[in-house]
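# Geometric and topological summary
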Amino acid sequence: MVLDPQLVWNGLVVGSIIAVSALGLTLIFGILNFINIAYGDYMAAGAYVAWAVNAQVGLPIGVAIVAGVLFMSVGSVVLDKLVFQHFRTRSPITLLIVSIGVAFFIRNLLRAIWGPSGHFYDLPLEASPSFVGVRFSIEQVAIMVTSLLLLLGVYVMLRRTRVGIAMRAASDDRMLSRIRGVDTEKLVLYVWLIGGGIAGLGGIMLGLDAQIRPNMGFTALIAIFAAVILGGIGDPKGAVAGGYTIGLAQEVSVAVIPSEYKFGVGLVALIVGLLTRPDGLFGEATR
Amino acid sequence: MALVDLLLVVGVIAGVYSLLAIGMNMHWGDTGLLNFAHAAFFAVGAYTSAILTTPPATGSLATRVVGFDLPIVVGIAAGTALAGVVGVLIAITSVRLEGDYLAMVTLSSAELIRLMIHNEAWLTTGAQTLKNIPRPLDGAVPVSYDLFYLVLVWGIVGVCYLLFTRLSRSPFGRVLHAIRENDDVPLALGKNTYVFKLKSFGIGAAVAGLAGGLWAHYVYAISSIMFLPSITFLIWAAVIIGGAGSYGGAILGASVIVFLRQITRFIPGDVPFGDQLSYIRLMVVGLVLILVLYYRPEGLLGDAERLQAGTSE
Amino acid sequence: MTLLEANGLRKTFGGIVAVDDVSFEVDRTEIVGVIGPNGAGKSTMFKLLAGFHTPDEGTVMFDGEDVTERPPNERTQRGLVRTFQIAQELTGMRVMDNMLLASQNHPGEKVLAAAAKTSSVRDFEEDARTRAEELLKFLELWDLRDEYAGNLSGGQRKLLELGRALMAEPELLLLDEPMAGVNPDLTDRLLQRIMDLRDERDMTFLVVEHDIEAIMRISDTVVGMHDGTVLSKGTPEEVQSDEQMLEAYLGGEV
């Protein structure tokens, strides 16, 4: 079977978005130990703030992206201090349901401020050049480049910086890292700063690729969660591998199944993954 | 619309949501299962009954091919049964998984079902509205139709409350509660926990399907947009706020949620932020949920003692 | 008459061999004690017998039937019942409900019968209550019957653990460190109870324990394990003076 290169390219783009978003989520999930349903809405909020800066205030897209990422970076910390921190001692299920409350709040706040209909970023170029039969759009190229830079950056951070190493240790064993003297609250701060920022970036990329809508984050959340779980919760490279796997599978599947069902690919990948490799793609799930 | 009429409509909605919450309470309150597929059971019940009781639409724009003209009772019964079956099927794939995984798989399964409803227009009218669903005893009741339906729905809620409370207090319920507390113990005591979980899932899903059928025949037109995951989350909020583990709590929580959402119908005239009111209502729901979890985790009618037993103080 | 047979049991986790070629028998109305230092494989072996692990090799025979592949609930139904080392009381359920849960073949556990609350359900529940009452009084927990199990003290939880297992009408009771964390006075009572149950009700026991003294007092046969294998098997005196066992305990405080 010959793979249509256009589908592969699309798959890589979608895969990048999922991979980046899943990376942020796996860091948060792995260290804070609960499913944050509001993560999708963090993504949407980042996309909206960037849009507001770009289309409403009129600043260039580059500035808008930075604004969106920073906003969510700080915003996640604020949300933690306001809400999640007060539930630190409670069960993961309670935190999950609290995050449902937060999700409700954010999503409807976005609707209240910017309305329910979709928006697009204000971009300078409209070109869609072709190369070896594959059509690229500027947005897609931007997404790919940004993703690769971010993934590289996070990789370096996790391997080389003190914070990153502490994060990996805490993800593996929270008890142990507390004993070893890792300042947990400070670590949590970093996790939200980085994870929240990544969420914002993921949302912006999603908005670039598709459209900016209030429930955009939630719609993508299933695929992102599938990537995290497939890759093994808490395993950053697993999340990235999972993201690209699901993105590619999703887009390439259009060749054989009706395109409306391509989102079902995420679900199938999740179930297959859980049944065959419960410790994740690389066997390094930390839960 | 007169205040009384408004109250009747809101009352019917509260009744339907109460049935949904009763089903969810069996899953979560009794058995400790993180079911995030509830909206799908609701949809299956609604669409099954609608398809079975409505002949295919005619006309050049008609897309639905499948339709029947069966009595409403048959439709609702079939919807209830099929929702239960779907519940068991979803459970088979997921109940052996740990909590968070169970949540994600059920959520994804529900989305897949909604996707199917959205796309298979030959069966469900797809993205468009499935219209002209018959209302039971339409025009045959001497009182206002909304009043009749209110009594009907709440009568069913009453029956379900008694039934589910009895199940919860029975030896069957005892096994479910044990599963909720600890997966290994009932297994070690001879219970086939897998089968019990399937049964719990199926029964809770069935009553959600019943709610769907009742809903469809009341609003007489349905579309896939009515069955988004946000419904599932709202029911979760209802069960938590009302008090997980208590069926009275489930009904109360559902009624509170419905009231919060519908309250703006009762506000007359122009108010500031009028357009955003529906969103503000949901923001309030989110806030209330967080506050309840913080200050009163056992919910309004839940058992605080039970929650705190065994925790060191 | 042999009730339980372990034949050549072997279990590995990752690369680690937890249990290797373990074989022994338990006769009816026997009390068999299993001892060994930490890491000897007692816990794994226990779970293999109870059905919470499946062996890589070997079989478990109970009452003449091969139960090696059977899940825990099916073993319990056949009379092979276990307790948990860390008392797994169901915190959010009352003591009486904890006990009633353990009744076997309760018709009320079927949905339709439960919904209809048939007379057979009510009768069975009555009988179960009577039995639970008897056991709770035997264990001196009767006054606590309406307490949430999570509010019990450590010792009381241990007793409840035992009571629940007894409620399941076992033929062979697998006890996992029943004395762990229990004060000496209660230990005596527990040991006496176990022997009473064997004498009066023909019950069989396999007890995994760290408390060597306790084991030596009540066991007919002792199985000594080390590094996943059976090092010594025999009467308490034989095992106690077995040199290999003494070495295994590193300076022999057997």
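Residues numbered from 1 in each chain as written. Chains lettered and ligands numbered in written order. Predicted model: local features only at pLDDT ≥ 70, side-chain atom pairs only at ≥ 80, totals over all residues.

Moving on to the overall build of chain B. Of the regular secondary structure elements, chain B holds 13 helices and 0 strands. For chain B, the sequential pattern of α-helices and β-strands runs α-α-α-α-α-α-α-α-α-α-α-α-α. Its C-alpha radius of gyration of 20 Å places chain B within 12% of the 20 Å reference for a compact globule of 313 residues. Every one of the 313 residues in chain B was classed for burial, and the buried ones make up 55%. Partitioning the intrachain contacts of chain B with sequence separation of at least 6 by distance along the chain shows that 79% fall at a separation of at least 24. (Helix = DSSP H or I, 4+ residues; strand = E, 2+ residues; numbered from the N terminus. Rg over C-alpha atoms; globule rule 2.2 N^0.38 Å. Buried ≥ 20, exposed ≤ 12 C-beta atoms within 10 Å, placed from the backbone. Contact = placed C-beta atoms within 7 Å.)

This part is about the sheet that holds strand β5 (residues 65-66) of chain C. All names here are of chain C. Strand order in the open sheet formed by 4 strands is β2-β1-β4-β5, and the pairing between neighbours is antiparallel. If you trace the sheet from one side to the other, it starts and ends with β2 (16-27) and β5, each paired once. Pairing between strand β1 (residues 2-13) and strand β4 (residues 57-62): 5 bridges, direction antiparallel. By the bridge assignment for β4, N7 is matched with T59. (Pairing = 2+ DSSP bridges.)

Moving on to helix α5 (residues 138-160) of chain A. Between its first and last C-alpha atoms α5 of chain A spans 33 Å; for 23 residues at 1.5 Å apiece the expected length is 33 Å, and the two agree. Those residues of α5 of chain A hidden inside the fold are in contact with α1 (5-32), α6 (162-172), α8 (184-209) and α10 (236-252) of chain A. (Expected span 1.5 Å × (residues − 1).)

Contact residues are listed per partner, giving 29 residues for chain C and 27 residues for chain B. Looking at the side of chain C that touches chain B, the elements that each hand over two or more residues are α2 (72-77), α3 (95-101) and α4 (111-116) of chain C. Looking at the side of chain C that touches chain B element by element, the count peaks at 4 residues for α2 of chain C. Looking at the side of chain C that touches chain B, its residues break down into 11 nonpolar, 11 polar and 7 charged. (Nonpolar A, V, L, I, M, F, W, Y, C, P; charged D, E, K, R; others polar.)

The next thing to look at is the sheet that holds strand β8 (residues 204-208) of chain C. Residues and elements named next belong to chain C. The strand order β6-β7-β8-β3-β9-β10 describes an open sheet built from 6 strands, whose pairing is mixed. Two strands lie at the open edges of the sheet, namely β6 (80-82) and β10 (229-234), each paired on one side alone. Between one strand axis and the next, the sheet turns by 20° as a mean value, whatever way the strands run. Sheet topology places strand β3 (residues 31-35) next to β8; 4 bridges connect them, and they run parallel. What sits directly across from V32, in β8, is L206. (Axes fitted to C-alpha atoms, helices over the stretch in contact; angles between N-to-C directions.)

The interface with the highest contact count, out of 2 pairs of chains in contact, is the one between chains B and C. No interface is formed between chain A and chain C, the nearest pair of C-alpha atoms being 12 Å apart.

Let us look at the interface of chain B and chain A. Across the boundary between the two partners, chain B contributes 32 residues, which contact 28 residues of chain A. Secondary structure elements with two or more residues in the side of chain B that touches chain A: α4 (99-119), α10 (229-242) and α12 (277-295) of chain B. If one sorts the elements of the side of chain B that touches chain A by residue count, α4 of chain B sits on top with 13 residues. Its residues assigned to classes, the side of chain B that touches chain A comprises 23 nonpolar, 7 polar and 2 charged.

All names here are of chain A. At a closest axis distance of 9 Å, the pairing of α1 and α5 adopts a crossing angle of 35°. You can see that α1 and α5 cross each other, and the crossing is left-handed. Only Q140, I143, M144, S147, L150, L151 and V154 of α5 make contact with α1, whose side of the interface consists of L12, V13, S16, I17, A19, V20 and L23. The residue makeup of the contact of α1 with α5, split by class, is 11 nonpolar, 3 polar and no charged. (Left-handed = near helix turned anticlockwise from the far one by under 90°.)

We now examine the pairing of β2 of chain C. Residues and elements named next belong to chain C. Bridge count for β1 against β2 is 8 bridges, and the pairing is antiparallel. Each residue of the ladder has a partner; that of L4, found in β2, is V26. The antiparallel hairpin formed by β1 and β2 contains 2 residues in its connecting segment, where G14 sits at a positive phi of about 60°.

Here we take up the nonpolar core. Among the nonpolar cores identified, the biggest contains 270 residues, and A226 and A227 of chain A together with Y17, L20, A21, A237 and A238 of chain B are the most heavily contacted of them. When near neighbours in sequence (up to four residues on either side) are disregarded, A237 of chain B contacts I100 of chain A together with I257, V285 and L289 of chain B. (Core = buried A, V, L, I, M, F, W, Y, C linked by C-beta atoms within 7 Å.)

Another aspect to go through is unusual backbone geometry. Residues and elements named next belong to chain C. A positive phi is found at E169, a non-glycine position, where the angle reads about 50°. Turning to its location among the elements, E169 is positioned in the loop between α6 (154-167) and β7 (172-176). Of note, the phi angle at D227 is positive, near 55°, even though the residue is not glycine. Position of D227 relative to the elements: it lies in the loop between β9 (221-226) and β10.

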